Amino acid sequence: MKPGQPVKDASHLYEVERRAQHAARPGFRIMELQLSPTQKVPWHTHSNISDTFYVLEGQMRLFLQEPKEEVNLKVGEVYAVRPTRPHLVTNAGTTSLTFLILQGVGEYDYVPLASK
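Sequence order sets the numbering: in each chain, residues are counted from 1 along the sequence as written. Local features in this predicted model are restricted to residues whose pLDDT is 70 or higher, and side-chain atom pairs enter the listing and the counts only when it is 80 or higher, whereas totals over whole chains, interfaces and linings include all residues. As a convention, hydrogens and water are excluded, and side-chain values are obtained from all of the structure's heavy atoms.

Engineer: I tried to follow the UniProt feature "domain: Cupin type-2" (unreviewed entry) in the chain on my own but got confused; where do I start?
Structural biologist: UniProt positions are given in the numbering used here, feature names are shortened, and annotations may be inferred rather than shown by experiment. In the UniProt entry, the feature "domain: Cupin type-2" (unreviewed entry) is given for residues 34–100. To qualify as a helix, a DSSP run of H or I must reach at least 4 residues; to qualify as a strand, a run of E must reach at least 2; elements of each kind are numbered from the N terminus. As annotated, residues 34–100 comprises 0% helix and 58% strand, and the C-alpha atoms at either end are separated by 9 Å.

Engineer: Any chance you could explain the pairing of strand S9 (residues 97–104) here in plain terms?
Structural biologist: Look at any regular strand and the pattern is simple: side chains alternate between the two faces of the sheet. When accessible area is computed with a 1.4 Å probe and restricted to protein chains, residues below 20% of their type maximum are described as buried, those above 50% as exposed, and intermediate ones as partly exposed. Most of S9 is tucked away, with 7 of its 8 residues classed as buried. One requirement defines pairing of two strands: DSSP has to find at least two bridges between them. Pairing of strand S4 (residues 50–57) with S9, which is carried by 7 bridges, proceeds in the antiparallel orientation. Across the sheet, the residue bridging to Val55 is Phe99, located in S9.

Engineer: I would appreciate a short explanation of the nonpolar core in the present structure.
Structural biologist: As used here, the term nonpolar core means buried Ala, Val, Leu, Ile, Met, Phe, Trp, Tyr and Cys residues forming a set that is joined through side-chain atoms within 4.5 Å. Counting residues in hydrophobic clusters, the biggest one holds 24 residues, and the most contacted among them are Leu33, Phe53, Met60, Leu62, Val89 and Phe99. Going through the elements one at a time, strand S2 (28–35), S4, strand S5 (60–64), strand S6 (69–73), strand S7 (78–81) and S9 are the ones with two or more residues in this core. When checking whether two residues touch, look at their non-hydrogen atoms; a contact exists if any pair is within 4.5 Å. Setting aside residues no more than four positions away along its own chain, Phe99 makes contact with Met31, Glu32, Leu33, Leu35, Phe53, Tyr54, Val55, Leu56, Met60 and Val89.

Engineer: Looking at this structure, how should I read unusual backbone geometry?
Structural biologist: Residues other than glycine predominantly adopt negative phi, and peptide bonds predominantly adopt the trans conformation. Geometrically, the link from Glu66 to Pro67 is a cis peptide bond, its omega value of 0 degrees lying close to zero. Of note, Pro67 is situated in the loop between S5 and S6. With an omega of -5 degrees, the peptide bond running from Gly104 to Val105 counts as cis. Counting through the fold element by element, Val105 comes out in the loop between S9 and strand S10 (111–112). At Glu66, a position not held by glycine, the phi torsion is positive, near 60 degrees. The partly exposed category is assigned to Glu66, whose relative accessible area is 47%. With phi around 75 degrees, Thr84 is a residue other than glycine that occupies positive phi space. As for its position among the elements, Thr84 is in the loop between S7 and strand S8 (87–91).

Engineer: Before we go on, may I ask you to explain the environment of Phe53 in this structure?
Structural biologist: Within the secondary structure layout, Phe53 lies in strand S4. It is 6.2 Å that separates the C-alpha atoms of Phe53 and Ala80, two residues lying 27 residues apart in sequence. Beyond its immediate stretch of four places on either side in the chain, Phe53 contacts Met60, Leu62, Leu73, Glu77, Val78, Tyr79, Val81, His87, Val89, Phe99, Leu100 and Ile101.

Engineer: Please explain the sheet that holds S9 as it appears in this structure.
Structural biologist: Backbone-to-backbone hydrogen bonds join strands into a sheet, with any given pair of strands oriented parallel or antiparallel. Spatially, the 5 strands line up as an open sheet ordered S1-S2-S9-S4-S7, and their pairing is antiparallel. Unpaired on one side and paired on the other, strand S1 (18–25) and S7 mark the two borders of the sheet. Going across the sheet, the axis of each strand differs from the next one's by a mean of 20 degrees, ignoring polarity. Orientation is described by lines fitted to C-alpha atoms, with helices fitted over the stretch in contact, and by angles between N-to-C directions that extend from 0 to 180 degrees.

Below, the structure is given as structure tokens:
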């Protein structure tokens, strides 16, 4: 996969402990991901949709570009990333991180980026 080439399903691009889809309709979906302390969702962006993260268990560290920013989230905290803003999701703790991602409104894609 070349950086910058959008894909409709990114599940084969990075490993997670668990991935589940809770809801999906045209233009919107809710995914649940669980990351071990060493796993991450690599640098990427989305052409049309925003990612809204909601932490269920553990601690999340979110790295963003344009502008450069680091956000740390605990259980019950939420953060939204606008379309086209590059971001990387990591587990900031020593136990599993479980979070929901609300993705929409618009057509989903995942655009992998070279390491920032």
